[in-house]
Amino acid sequence: MNTKFTFLKAGLTFIFAIVALIASAQSFSGPSDATTAPPSTASSVSEVLCAGSTISLKTPSTTGYTYQWYKKNTGGTYVMVQSGSSNTYTETASGDGYYTYELVQINGTNCSSVVSDPFNVYVLPTLSASITATKSAICETDATSPVLTATPTASNSKTSSYTYTYQWTKDGAIIPGATTNTYTVTDRTPNTTTAYGVTIQFSLNNSCSASSSTNITINPIPTKPTIVVGP
Amino acid sequence: MFDFCPKHLLDIRLVVISLIFAFFMLSSRVAFTNKSSKNFTENNLQAAKVQPVAICNLSADETKSFCGVSSATLTADAGYSSYKWSTGATSQSISVTSSGTYYFEVVNSSYETVTNGDFESSSNHYNGFTSDYHKNTNNLYSEGDYAVIKNPNSEHSSFATMGDHTSGSGYMMVVNGSSTANVNVWAESIAVLPNTTYQFSVWGASVYSASPGHLAFSINGTQLGNIQLSSSTGVWQNFTTQWASGSSTTANISIVNLNTDPNGNDFALDDVSFAPVCRKTFTVTLNPNPSKPVIAQN
């Protein structure tokens, strides 16, 4: 009889422990809000990060305190994602959108603070860049220059909701002043094929960028023919 | 498991006998606990010695911690006519604003030990106490006489017409003060629990304005204190004190009159009470909340 109960007790304890573990801190990936339009400026959120970045948060540490980290879920509810003595929280961003966190600290006498202000991280989508050229090859004397147009594409179909900065390069070297989405090739050095590149950056965080490049060939014109009297 | 060999039968018999024995132990215990009496009989006293806590039905002492509040409310157990807190408050609940140890005390009147302390005993108003005074149910004109009556004036034409303390219309002990010193006006020998605190309380009033009585109280020969009665008749005055039994198992309570003036010196006594004091302690900690945290990028 006692043995039976011991087994039952152990089994129940195990189940409760599992339930308690699941209930205590449920971590979940992805943004709290993937639908709201991007922030108009970086300063309107706490932090803007590139796609796939590690979200790393902290609060000043106090001896004997425990910290409860909360993350807002897509339903708008804050869910505890970490509880313990750690004053830091990290998570790898998975998908673009707003990741919103709150923190409660509990002191040694088991008294809780009020909830912190929300910390709102905006994670950008993956960016890709492409270049279209009006011509990829010209003759050295052509009056019409090739015009290169850089086009950003955001992975989240909100491409037009972002602003971008541009920097054109020529064979990898920055072209001073070439910072719009188009670049007109003025070089006419014949017999050259030059790689024109562009780096497109999100204005919200210019370290989140994409590059592309295209070759432009300048062909020499044949020499001026001379007419001579035949044979 | 059980085959009917004699050895196992013996085992079964043993089990049955043990069960019967256990049943009797249990039933005798129940009967013992059911024995409830207002007065301590010798048996109850023995029982109480084993579990002295039984005379106090208060909830257990509490340790209470509060977060982020400037005050906390402590509430005493309900059902008592009066409360006395360590803060001096007499309400059932108190509000405390600093950490510390607080307690309240109540008198457990369910364990009132004085027999006929209110002189209302229906069988005999003179029941329970002894007196060195002379009981006189006809009149109280002689010094050193007493009677348990409803109106002092009914046995002495100069005494006040006044009600008792219990209800205003019940019995009280009316005394014509003796000119002899140290004579017990009222005495009762009471069985008490050792290491228990009791509250002694008595009410006295002058029944004649001249040379009012001066009552002194003692237990087992130790003076508890005294009260000088007012010269205004019919004004009931209370004397209350606590007494710790220590190792004593008997409390010989006596009331004497320190005034030996034969002229006047007439008074009434009522509602003599001697009951255990119960105390509950609260250990309160008012903790501040930690400050509102701030999240920063790491």
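Residues numbered from 1 in each chain as written. Chains lettered and ligands numbered in written order. Predicted model: local features only at pLDDT ≥ 70, side-chain atom pairs only at ≥ 80, totals over all residues. Heavy atoms only, no water.

Looking at the overall build of chain B
In step 1: Assigned secondary structure in chain B consists of two helices and 16 strands.
In step 2: When contacts within chain B are restricted to residue pairs at least 6 apart in sequence, long-range pairs at least 24 apart make up 70% of them.
In step 3: On chain B, roughly 15200 Å² of surface is accessible, and the fraction owed to carbon and sulfur atoms is 52%. (Helix = DSSP H or I, 4+ residues; strand = E, 2+ residues; numbered from the N terminus. Contact = heavy atoms within 4.5 Å. Areas by Shrake-Rupley, 256 points an atom, 1.4 Å probe, with all protein chains shown as cover.)

Quick word on the environment of B:Thr75
Residues and elements named next belong to chain B.
In step 1: Structurally, the position occupied by Thr75 is in strand β2 (residues 72–75).
In step 2: Contact partners of Thr75, with chain neighbours within four places excluded, come to Trp85, Gln92, Ser93 and Phe282.
In step 3: Of the polar contacts made by the side chain of Thr75, one reaches the side chain of Ser93; its length is 2.9 Å. (Polar contact = N/O pair within 3.5 Å; in protein donor to acceptor, adjacent residues only side chain to side chain.)

Details of the layout of surface pockets
Using a probe with the size of a water molecule, rolled over the atoms, empty space left in the structure can be pinpointed.
Residue and element names in this part refer to chain B.
In step 1: In this structure, the largest pocket encloses a volume near 730 Å³.
In step 2: Around the largest pocket, the lining is made up of 28 residues, and of these Val107, Ser109, Glu112, Gln199 and Ser273 lie nearest the centre.
In step 3: Secondary structure elements with two or more residues in the lining of the largest pocket: β5 (100–107), β10 (197–206), β13 (237–244) and β15 (266–287).
In step 4: Per element, the largest residue contribution to the lining of the largest pocket is four residues, and it comes from β15.
In step 5: A domain split of the lining of the largest pocket shows at least three residues from each of domain 2 (62–109 + 281–287) and domain 3 (111–276). (1 Å grid on protein atoms, 1.4 Å probe; cavity = no way out; pocket = protein on both sides within 12 Å on 5 of 7 lines; lining within 4 Å. Points joined across faces, edges and corners; volume = space filled by probe spheres on them. Domains from an automatic or database assignment.)

Section: the environment of B:Gly234
Residues and elements named next belong to chain B.
In step 1: Its place among the elements puts Gly234 in the loop between β12 (222–228) and β13.
In step 2: With 72 residues separating them along the chain, Gly234 and Met162 place their C-alpha atoms 5.8 Å apart.
In step 3: Dropping the residues within four chain positions of it, Gly234 is found in contact with Met162, Ala205 and Ser206.

Overview of the packing of aromatic side chains
All names here are of chain B.
In step 1: Applying the stated criterion across every chain, the model contains 23 aromatic pairs over all chains.
In step 2: Between Tyr80 and Tyr83, the ring centres sit 6.3 Å apart and the planes meet at 75 degrees, which makes this aromatic pair edge-to-face. Residue Tyr80 shares its accessibility class with Tyr83, and that shared class is buried.
In step 3: Relative to Trp186, the ring of Phe129 lies with its centre 6.4 Å away and its plane at 20 degrees, an arrangement referred to as stacked. Taken together, the positions of Phe129 in the loop between β5 and β6 (134–135) and Trp186 in strand β9 (residues 184–191) put the pair 57 residues apart, joining distant regions of the chain. When sorted by exposure, Phe129 lands in the same class as Trp186, which is buried.
In step 4: Ring pairs connect the aromatic residues Tyr80, Tyr83, Trp85, Phe104 and Phe282, which therefore count as one cluster. (Phe/Tyr/Trp six-rings, centres within 6.5 Å; stacked < 30°, edge-to-face > 60°. Buried < 20%, exposed > 50% of the residue type's maximum accessible area, 1.4 Å probe, protein only.)

What to know about the pattern of salt bridges
In step 1: Going through the model one piece at a time under the given rule, you end up with six salt bridges over all chains.
In step 2: Of the charged contacts in the structure, one is a salt bridge between A:Asp187 and A:Lys170, with a shortest N-O distance of 2.9 Å. Note that A:Asp187 is positioned in the loop between β13 (182–184) and β14 (192–202) and A:Lys170 in strand β11 (residues 164–170), a separation of 17 residues in sequence.
In step 3: The salt bridge partner of B:Glu62 is B:Lys64, with a shortest N-O separation of 3.5 Å.
In step 4: For B:Lys64, a relative accessible area of 24% gives the class partly exposed.
In step 5: Connected through shared salt-bridge partners, B:Glu62, B:Lys64 and B:Lys280 make up one network. (Salt bridge = Lys/Arg side-chain N within 4 Å of Asp/Glu carboxyl O.)

Here's the deal with the interface of chain B and chain A
In step 1: Opposite the 14 residues of chain B that make contact, chain A presents 27 residues.
In step 2: Summing both partners gives a buried area of about 1600 Å² for chain B against chain A, and 59% of it is carried by carbon and sulfur.
In step 3: For the interface between chain B and chain A, the tally reads one salt bridge.
In step 4: Taking the shortest distance from any N to any O, the salt bridge between B:Lys292 and A:Asp117 comes out at 2.8 Å.
In step 5: At the boundary of chain B with chain A, the tally comes to eight residue pairs in polar contact (both at pLDDT 80 or more).
In step 6: Taken together, the elements giving at least two residues each to the side of chain B that touches chain A come down to β1 (62–67) and β16 (296–297) of chain B. (Buried area = accessible area lost by both parts, 1.4 Å probe.)

Any functional reading would require information that these geometric values do not contain.
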